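# Observations on chain architecture
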Amino acid sequence: MTEIDYLLTGATVVTANENWEVFSPGAVAVSGDSIVGVGPAEAIAVEYSSTMTVDCSGKALIPGLVNAHTHVPMTMLRGLADDLRLDVWLLGYMMPVEREFVTPEFCRTGTLLGCAEMIRSGITCFADMYYFEEEVARAVAETGMRALCSQTVLKFPTPDAPSFEDGLAAARNFIERWKGHALILPSVGPHAPYTSTRDMLQACAALAAEYDVPLHIHLAETEHEVEQSRSEHNMPVIPWVKKHDLFDAKVLAAHCVHVDSGEIRTLHKYRAGVAHNPTSNLKLASGIAPVAEMLQVGLDVGIGTDGPASNNDLDMFEETRLAALLAKGASGDPTVVPARQAFEMATIMGARALHLGDITGSLEPGKRADLALLDLNELHNTPTFRRDADAIYAQLVYVGKAADVSDVMVNG
Ligand SMILES: [Zn+2]
């Protein structure tokens, strides 16, 4: 019998492992920062004991959700400007306000607020892109969450860098300081092709490749962006960034709403992760990403809330449900993005999109103990059918609510 730190037992354990195993009643054994055992409750009880044994009966024990794209300090700008076109919203409202008001203190407060909201809704890991990312990373680490933190680089002056060169130097310093941290994966975030120059994209990709960290960028978010790319560069967005070596880096591409089949294959060839942000894309009327096709090709598509100024919350249950429903409505095929696949996008596939799939996203021995417990006894969860082997995923995706989350653990 091995003595461990935590034994979580009696829950319906949804592993999201390769074989999609569900144990009910199941148990998860945690030692230090990692999961050491997952299986039927009886079998785990024979192998492990702990003074911290928690009875989780009546609950679902799931991998912590992965929010694949956000700008968490924008919690401070929630509800500031709504119902606008992306360019009007971004260039007319957000960026001018940010230039005036965004400070390290603003980022710290916004991050703490956003992390509290995410923890309470079962999110254990997220991908961020903002200014003063050093402050963001420090606040995230303080809350105990896991994050891919990307220092924004723009061709215009930003709240934390008067020029692109300064922004790139800040990104390099940030990566050097945080690389190897237990919770924070630092990275560089050239905001988008239309806010970058060719040289900037190349320099950012080279920086990410040099330190072997991801590069986080918005790609092909609107039709206007693609038209602009065609008229300026004679080609759509993905070939243009490819031409300028973007895929030398491990890319996390937010949106990819307006990409054709060839571009999807390019993203797949270079193992880029995609962050699908259905609420943000609908609210800003950017369009509907061809998610069913991306999944069919084998792209790793995670689900993101985007920033709280364009959503306006950080609720991955809402977002995952919308991702499943939108793909069906857009394709006219109710069998696409079934509940299990939507759950996969919100967990292990999202972790892979962030290039963190070896560490988090599923409940498996060797992975970090990033998990959430959900109460299955609420009125909206009654009755519960188990006729279909995948019924638990339908329950989680079509019924689950952020308020059902009772407990969250990150990194043990
Ligand atoms: Zn974004």
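Residue numbers here run from 1 along each chain, matching the order of that chain's written sequence. pLDDT decides what is reported in this predicted model: residues at 70 or higher carry local features, side-chain atom pairs at 80 or more are listed and counted, and totals for whole chains, interfaces and linings draw on all residues regardless. Note: side-chain values were computed over all heavy atoms of the structure, leaving out hydrogens and water.

### Section: the domain arrangement of the protein chain
Filter applied, for reference: Source of the domain bounds: an automatic or database domain assignment. Here, two residues are considered to be in contact whenever any of their heavy atoms come within 4.5 Å of each other. When two components associate, each loses some accessible surface as probed by a 1.4 Å sphere; the sum of these losses over both components is called the buried area. Each salt bridge in this description consists of a side-chain nitrogen of Lys or Arg and a carboxyl oxygen of Asp or Glu lying within 4 Å of one another.
Entries for the protein chain in the domain assignment read domain 1 (2-64 + 362-409) and domain 2 (65-353). One C-alpha centre belongs to domain 1, the other to domain 2; they are set 29 Å apart. Opposite the 26 residues of domain 1 that make contact, domain 2 presents 25 residues. For the pairing of domain 1 and domain 2, the buried interface totals around 2000 Å² over both sides, and the portion due to carbon and sulfur atoms is 67%. Together, Trp20, Val397 and Tyr398 form the three largest contributors to the area buried by domain 1 at its contact with domain 2, with a combined 32%. Close ionic contact of Asp390 with Arg340 constitutes a salt bridge, the shortest N to O distance being 3.9 Å.

### Here we look at helix α5 (residues 164-178)
Stated formally: Numbering of helices and strands runs from the N terminus, with a helix taken as a DSSP run of H or I at least four residues long and a strand as a DSSP run of E at least two residues long. In a helix, the anticipated span is given by 1.5 Å times the number of residues less one.
The end-to-end C-alpha distance of α5, which contains 15 residues, comes to 21 Å, matching closely the 21 Å that a straight helix rising 1.5 Å per residue would cover. Packing partners of the buried residues in α5 comprise α4 (133-143), β10 (146-153), β11 (184-190) and α6 (198-211).

### A few points about the coordination of the zinc ion
Just so we agree on the cut-off: Only N, O and S atoms count as donors, using a 2.8 Å cut-off from the metal and 3.2 Å for Na, K and Ca, and because water is excluded some sites may appear unfinished. Only two sets of limits are used to name each site, 85 to 135 degrees for every angle of a tetrahedral four-donor site, and over 155 degrees for opposite donors with all other angles from 65 to 115 for a square planar four-donor or octahedral six-donor site, with any other site named irregular. Burial status follows relative accessibility: with a 1.4 Å probe on protein chains alone, a residue under 20% of its type maximum counts as buried, one over 50% as exposed, and anything between as partly exposed.
The zinc ion binds to the protein through His69 (NE2), His71 (NE2), His218 (NE2) and Asp306 (OD), with metal-donor distances spanning 2.1 to 2.4 Å. Considering all 4 donor atoms around the zinc ion, angles at the metal cover 86 to 172° and the coordination shape is irregular. Donor residues binding the zinc ion come from one chain and are separated in sequence as H-x1-H-x146-H-x87-D. One end of the pair, His218, is in strand β12 (residues 214-219); the other, Asp306, is in the loop between β15 (300-303) and α12 (316-331), with 88 residues separating them in the sequence. Residue His218 is classed as buried on the basis of its relative accessible area, which comes to 5%.

### Focus on the environment of Val66
Along the chain, the position of Val66 falls in strand β8 (residues 65-70). Separated by 58 residues in sequence, Val66 and Thr124 have C-alpha atoms that sit 6.4 Å apart. Ignoring anything within four residues of it in the chain, the contact list for Val66 reads Cys125, Ile303, Met316, Ala346, Thr347, Gly350, Ala351 and Leu354.

### Concerning the packing of aromatic side chains
Rules: We call Phe, Tyr and Trp rings a pair once their centres come within 6.5 Å, taking the six-membered ring for Trp, and we label the pair stacked below 30 degrees between planes, edge-to-face above 60, and tilted otherwise.
Here the structure, examined in full by the defined rule, presents 5 aromatic pairs. With 5.6 Å between their ring centres and 50° between their planes, Phe343 and Tyr393 make a pair best called tilted. You can see Phe343 sitting in helix α13 (residues 339-346) and its partner Tyr393 sitting in helix α15 (residues 391-399), a full 50 residues away along the chain. A connected cluster of aromatic rings, assembled from ring pairs, spans Trp20, Phe343 and Tyr393.

### Examining α13
Across the 8 residues of α13, 6 count as buried, placing the element largely inside the fold. Buried residues of α13: Ala339, Ala342, Phe343, Glu344, Met345 and Ala346, and no others.

### Concerning unusual backbone geometry
Of the consecutive residues Ser24 and Pro25, the connecting peptide bond is found in the cis state with omega at 0°. Within the element layout of this structure, Pro25 appears in strand β3 (residues 22-31). Between Thr382 and Pro383 the backbone carries a cis peptide bond, its omega angle lying at -5°. Structurally, Pro383 can be placed in the loop between β16 (371-375) and α15. One non-glycine residue, Val337, adopts positive backbone phi at about 45°. Relative to the helices and strands, Val337 resides in the loop between α12 and α13. Note on Val337: relative accessible area 2%, which makes it buried.

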